[in-house]
Amino acid sequence: MTLARLRLAALVAVLCLAAAPFLVSSFSVTLLNYIGVYALVAIGLALLTGIGGIISFGQAAFVGIAAYSSAWVSAVSGYSPWLGLCLAVVLTCSVAAFLGLITLRLRGHFLSLSTIAWGLAIYFLFGNIPTLGNFNGIAAIPPIPIGSLKLSGSAQIYYLIWAIVVVCLVLSYNLLNSRMGRALRALRGGKILVESLGINAFRVKLAAFVIAAFLASLSGWLYAHLSTFISPSPFGAEMGIEYLMMAMVGGSGSPIGGVLGAALVTLLKNGIQDYLPLITKGASGELEIVVFSTLFILFLQRAPRGIVPFVARFMPQLRHVAPGTIAKLPVRAQPAPGYPLLIVQDVERRFGGLIAVNHVSFEVNAGEILGLIGPNGAGKSTMFNLLTGALRVGQGQITFAGQGICGQSQSHIARAGIARTFQHVKLRPRMTLLDNVLLGAHPRLHAGLLRGALRLDRVEEASAHAEALRQLARVGLSDDPFMLAGNLPLGKQRLLEIARALAADPLLLVLDEPAAGLRRQEKLRMAELLIALRDEHLTILLVEHDMEFVMGLVDRIVVMDFGSKLCEDAPAAIRADPRVQEAYLGSIA
Ligand code: ADP
Ligand code: MG
């Protein structure tokens, strides 16, 4: 129902766009053209910055590379602008891929700073190449031909520009609702979670970076043939900042926000240029920037998340499960009960002089719940991190399902079948329960960027949705799969983490203190769930501080103290063991 309404709204918007050239002045059409051209860059930034959390000041440089490519091919060399488009896209995306490979491994501010650096570098490069007209630029860029028609008037190129914008918007939304799009949405909030789900964070970032550059290249190509003249100045760092402003004003978390932001910023700048001189009686042009910046700051004060979220508050929420005939996702064969699934042999890990894990050995057998307990500081979390690849093993061997996993990446270990939860819950609070669980299924799905954007992934998505709903039901969270994860109380957030881990179809589930911070009732619920999972032949390793929680639940217990293994036995024997009591009492004292 709501989906139908949304489609209707989109249809009306497209009809309005199509009718615009007949209804407004030709100056307004030109303005709309520039809005469309800028919007393409802003859509890219919505994906890259708003959703992926990667701030780039360098998009204007990508626009420039594309504009110069096509101008050089068509105006300087005399070939078709369509050939110009090919060069523009290939060159821009290659440069982006190269820069991405270098800079995307940098952390935090360094990445943004590096985008400023190469934004500036490319600007001066344009200005110093004689074939590209130095700082004078290239003039007399021919119009884009379609058959015998030349798109020379602003009303003619209008349809090409806005057709491209609409197509890119649709593809962006498709992408966001696909496997890779979910991974992109999950990037924000840190890569620890993303990697633990078997997602290659770097590859997702690089893809987002190249997609944003691709959109910028379309923009640059259109810009060159729309304005028929280019020089380095519209591709400088100032414009790079302005593109970011557009994405922010619109609502950086959504592609449509890019379009709205481009419109608002362009109209505002235009309005200021028109009306400011009337007020200031023709004072200098610099004042425009001051007024514009002030308005920008005021705006973000009122609506820090841009226009789109502001409008979205009044819109119905989209609740959509991919339809289709549902084939189940393939599942792994679980090992026979008793098979030594995880073998930890003589593992050691030091932090400087401190031995956090001191030659510890134990096994987890298929079909059991093994508890790893110990007082605070015993080395449980360190052991946990060694198993899941979050920390490197110093010495010793860890074998999982017959394969050595020491030295493997987190994401590789996750794909091998170890799914984990976190002592401090890691969810994506602004994603729905369904999407959070779908993230867990990422390695079981195959659709790449293109299949996602073109919606060729529907069959797989339908299976994935069915699987995610099944896992939500398994942990008792199927009431409202479209609720945002951030709205759940802690107990249910922990259950959601387990549903996400289950969606990966793991061989071994490792839980880091799943009872921490839970109320009594929630703890009981958690224990029931874990027992039910064990009865369904899942193998579980439970790292836990709370001895009472573990006692009634697990089949065997390994106790750690001061980094070493103290003992290993059935719960009753552990409870009676004076060494364990002493270790726990010692930690309280
Ligand atoms: P537990 O989870 O059993 O409470 P941890 O594995 O977190 O214990 O810690 C074991 C010991 O290792 C503690 O003394 C802790 O201070 C130390 N430790 C853990 N992580 C690090 C680290 N990254 N750097 C230095 N010391 C650490
Ligand atoms: Mg711990």
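Note that the structure is predicted; figures quoted are calculated from it, not measured.

Student: Got a sec to walk through the site of ligand 1? Specific residues and values, please.
Tutor: All residues in the neighbourhood of ligand 1 are listed as Phe351, Leu354, Ala356, Pro375, Asn376, Gly377, Ala378, Gly379, Lys380, Ser381 and Thr382. Backbone polar atom of Ser381 to an oxygen atom of ligand 1: 2.8 Å apart, as the coordinates give it. Within the contact set of ligand 1, an oxygen atom lies 2.5 Å away from a side-chain nitrogen or oxygen of Thr382. Coverage of ligand 1 by the protein chains reaches 58% of its 560 Å² of free accessible surface. Among the secondary structure elements, those contributing two or more residues to the shell around ligand 1 are strand 4 (354–365) and helix 14 (380–388). With 3 residues, helix 14 is the single largest residue contributor to the shell around ligand 1. The residue makeup of the shell around ligand 1, split by class, is 5 nonpolar, 5 polar and 1 charged.

Student: So what about the nonpolar core? Which residues, and what values?
Tutor: Phe62, Leu222, Ile230 and Tyr243 are the most contacted members of the largest nonpolar core, which has 97 residues in total. Ranked by residues supplied to this core, first place goes to helix 9 (residues 201–227) with 16 residues. Both domain 1 (3–312) and domain 3 (430–505) contribute no fewer than three residues apiece to this core. Those residues in contact with Ile230 that sit more than four places away from it in its chain are Ala67, Tyr68, Ala71, Asn136, Gly137, Ile138, Ile141, Tyr223, Ala224 and Phe235. Among the nonpolar cores identified, the runner-up in size contains 50 residues, and Ala464, Ala499, Leu502 and Val559 belong to it.

Student: Which residues make up the packing of aromatic side chains, and what are the values?
Tutor: This structure, assessed with the given rule, holds 15 aromatic pairs. Here the aromatic rings of Trp118 and Phe209 are separated by 6.4 Å at their centres, their planes lie at 90°, and the arrangement is edge-to-face. Here Phe209 lies in helix 9 and Trp118 lies in helix 5 (residues 108–127), a separation of 91 residues in the sequence. Exposure remark for Phe209: the relative accessible area of 1% places this residue in the buried category. Across from the ring centre of Phe422, 3.9 Å away, lies the NZ or CZ of Arg420, which sits over that ring.

What counts and what doesn't
Residues numbered from 1 in each chain as written. Chains lettered and ligands numbered in written order. Predicted model: local features only at pLDDT ≥ 70, side-chain atom pairs only at ≥ 80, totals over all residues. Heavy atoms only, no water. Near = heavy atom within 4 Å. Polar contact = N/O pair within 3.5 Å; in protein donor to acceptor, adjacent residues only side chain to side chain. Areas by Shrake-Rupley, 256 points an atom, 1.4 Å probe, with all protein chains shown as cover. Helix = DSSP H or I, 4+ residues; strand = E, 2+ residues; numbered from the N terminus. Nonpolar A, V, L, I, M, F, W, Y, C, P; charged D, E, K, R; others polar. Core = buried A, V, L, I, M, F, W, Y, C linked by side-chain atoms within 4.5 Å. Buried < 20%, exposed > 50% of the residue type's maximum accessible area, 1.4 Å probe, protein only. Domains from an automatic or database assignment. Contact = heavy atoms within 4.5 Å. Phe/Tyr/Trp six-rings, centres within 6.5 Å; stacked < 30°, edge-to-face > 60°. Lys NZ or Arg CZ within 6 Å of the ring centre and 35° of its normal.

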